[in-house]
Amino acid sequence: MSSATRATAESGTDSLTIVEAVRDGLYTEMSADESVMVLGEDVGKNGGVFRATEALYEEFGGDRVVDTPLAESGIVGTAIGLALSGMRPVAEMQFMGFSYPAFDQLVSHAARMRSRSHGQYSVPMVVRAPYGGGIRAPEHHSESKEAFFVHEPGLKVVSPSTPSDAKGLLIASIRDPDPVVFLEPKLLYRAFREDVPTGRYEVPLSDAAIRRTGTDVTVYTWGAMTRPSLIAADNVAEEHGIDVEVVDLRTLSPLDVETIVDSFTKTGRAAIVHEAPKTGGVGAEVATTIQEHALCYQEAPIERITGFDAPMPLHALEDYYLPQAVHIQEGILEAVAF
Amino acid sequence: MSAYDDADQHVNSEPTQLDDDPIRVLDEDGNVLPNAAVPDLSDEELLAMYEDIALARRFDQRAISLQRQGRIATYAPMTGQEGAQVATSYALDDQDWLFPTYREHAAKYVHGMSLESLLKPLRGIREGYAIPDDVNVMPEYIPIATQLPQAMGMAWGQQLQGQTDSAVLCHFGDGATSEGDFHEGLNFAGVFDVPAVFVCNNNQWAISVPRDRQTASETIAQKAAAYGLEGVRVDGLDPLAMYAVTRDALAKAKNPTGDERRPTLIEAVQYRYGAHTTADDPSVYREEDEADAWRQKDPLDRLRNYLSAEGILDEAVDAEIDDRVDAQIDDALATVEAVETDPERIFEHVYEEMPERLREQRDELLALRDKYGDDAFSEVLE
Ligand SMILES: Cc1ncc(C[n+]2csc(CCOP(=O)(O)OP(=O)(O)O)c2C)c(N)n1
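Presented here is a report on the structure given in the accompanying data block. (Residues numbered from 1 in each chain as written. Chains lettered and ligands numbered in written order. Predicted model: local features only at pLDDT ≥ 70, side-chain atom pairs only at ≥ 80, totals over all residues. Heavy atoms only, no water.)

So, the pattern of salt bridges
Here's step 1: Inspection of the entire model under this criterion finds 46 salt bridges over all chains.
Here's step 2: Close ionic contact of lysine 266 of chain A with glutamate 245 of chain A constitutes a salt bridge, the shortest N to O distance being 2.5 Å. One end of the pair, lysine 266 of chain A, is in helix α9 (residues 257–267); the other, glutamate 245 of chain A, is in strand β11 (residues 244–248), with 21 residues separating them in the sequence.
Here's step 3: Take lysine 266 of chain A: its relative accessible area is 44%, and that puts it in the partly exposed class.
Here's step 4: Glutamate 230 of chain B is paired through a salt bridge with lysine 252 of chain B; the nearest N and O atoms lie 3.0 Å apart. One end of the pair, glutamate 230 of chain B, is in strand β6 (residues 230–235); the other, lysine 252 of chain B, is in helix α9 (residues 239–254), with 22 residues separating them in the sequence.
Here's step 5: On the accessibility criterion, glutamate 230 of chain B (37% relative accessible area) is partly exposed.
Here's step 6: The structure contains a network of salt bridges with shared partners spanning Glu29, Asp33, Arg175 and Arg200 of chain A. (Salt bridge = Lys/Arg side-chain N within 4 Å of Asp/Glu carboxyl O. Helix = DSSP H or I, 4+ residues; strand = E, 2+ residues; numbered from the N terminus. Buried < 20%, exposed > 50% of the residue type's maximum accessible area, 1.4 Å probe, protein only.)

The following block contains the structure:
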């Protein structure tokens, strides 16, 4: 077993990447609870195309780490049925861009089973999907369409940006009584390591994280955009003496309104950063939430630094599509200059 | 649970063998089988087909090595499948439509796409997807099975418009037969009796999942019966058999006789010798010697042996062909490596007319490039 999947009765930490932390989270929950199972395309013998489920098949066997036929609607529909039967399925969509065949099952059924049955039935399941650009992948492999899922009442939507959050949020998602769409920023899968607590712990699905405290302006972001946002914050601090607070939303639905609003009442200025297209993106929801709750504190128009309202280009141009630190800096400066 | 629990189960499993008597013209050594009909192709056509298969093989080797050198991105190899790709496209008439996946490089080339256009997307340049007006090829389909209902719709539309001389040929893999779109596409094709030919390139694996984990039905061809189509099982490593069967299916699609149904599902039984893509490592899920048995049936070798025995090909001509395909690939590569794409392309062709908001976004990007230079765009995400 790798360090990521070692049995962890003792307390301590392991230095893990995000993808290793996902695997550790799965291993931890599967060890603790026999109803937790993993299913999807290539998750078994192959260990997942990103190796997120590596060694789980050998550890837990083909009944709990299941290579399914190539059918996303089948995978998610089956997971709903499994959850209704008392299992806790964790389904993998190989890439977010291939989750659309499962969209119907997710939005028509997973999301509504509780309300439709008036609380009688619930579907405690997780749908994991790598998402976002920056890894030189072919068409459809770099999508960032979290807004599709955020728009559906009944689904929770999570996107970690650090290894310890990846593990803690995944465990919380598996334990959560509602269906959770767990979006993994694949650009960060192996980008850096961090000390991650061994054993079981949860990062609550209700709390945003303040990654950097500041008083002049708040940057709201999530997933892979957290890193360029932090770099931009450091740059404007150094070059312009601007004190930036960076809020990593972590859970996109339901939003942590309190943390969002508290930060804004402190700074009065906001820049929202996401790689998804601008129109109808989650940034619009964050901006409106701020205005609903803290209009009187607002000192400047809210800036949005986002991907464009165009399909993600093939890799030769993807760096121009994704918000970069300079782009974020510009947004911060505009919010402050107003 | 099935025997799949045993970690080595599918490595030794039967279904990756050619067991169910698919249609063949040539035996493994390239001899014409007794009672087999050699398709009606001239010596020139046979030689050209051979040259295209040789080009495809070479293209594949070069692409894999280019990917390793970092000169192109992720590539989906086709070695083992070139015979089926080339032969099915030889069976097409110019006015017929081709719906390919991400692996049908050779099929697209034969039906009119240039090598340059195949290489551009691999270099991250979307312009390579652009299709010349006189070429009836759709850009590659990456989401699995999504092309089947569309191919059906194209065939139907042509029929509705009285274009009785053209048909649609649609490729997909064995994994695709698990998706809802496969079933919906075939069902519609049967119900509306459209001029479409569906070619399943059954290469035994969908990334790491073997065919027997994809479907419990004995063959893929037999699925045709459920939709009221004709199903045919062919040796996909036998280019002459692939050509003959596809040609017949296309002819029937355009002009059925009696109570014949127009659509056909062809199962091309073949093998993916190499990795699923250059990002994949097949040694994790299959034994390397599994490929060896299939290499005995190699389409290029078989056709070479047949043509040599017929006196159509000799070593000198074969060497000329090798030189020619190498030169063609070198030229295409040099052209494509000299191409630079412009960030403004991101905003083009989203709509016929660029909306004001997108124009603003484009202008913001241009201003940012002016101010910070292009280096600033690769800093953070590297
Ligand atoms: C809808 C969808 N789901 C998942 C994927 C990821 N994926 C790409 S290729 C592939 C396997 C395809 O196998 P098969 O259909 O047999 O075709 P082959 O690649 O073997 O030619 C998978 C799972 C995808 N491209 N589209």
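Focus on the site of the ligand
Here's step 1: Neighbouring the ligand are 20 residues, the closest being Glu72 and Gln94 of chain A together with Tyr102, Arg103 and Gly175 of chain B.
Here's step 2: Around the ligand, the nearby residues trace back to chains A and B.
Here's step 3: Contacts to the ligand include glutamate 72 of chain A, whose side-chain N or O atom sits 2.4 Å from a nitrogen atom.
Here's step 4: Here aspartate 174 of chain B contributes a side-chain N or O atom positioned 3.0 Å from an oxygen atom of the ligand.
Here's step 5: About the coverage of the ligand: the protein hides 96% of its 580 Å² of free accessible area. (Near = heavy atom within 4 Å. Polar contact = N/O pair within 3.5 Å; in protein donor to acceptor, adjacent residues only side chain to side chain. Areas by Shrake-Rupley, 256 points an atom, 1.4 Å probe, with all protein chains shown as cover.)

Remarks on the side chain of glutamine 81 of chain B
Here's step 1: When you line up the elements, glutamine 81 of chain B lands in the loop between α1 (43–68) and α2 (82–90).
Here's step 2: Taking the relative accessible area as the measure of exposure, glutamine 81 of chain B reaches 2% and is therefore buried.

That's the geometry; what it means functionally is another story.
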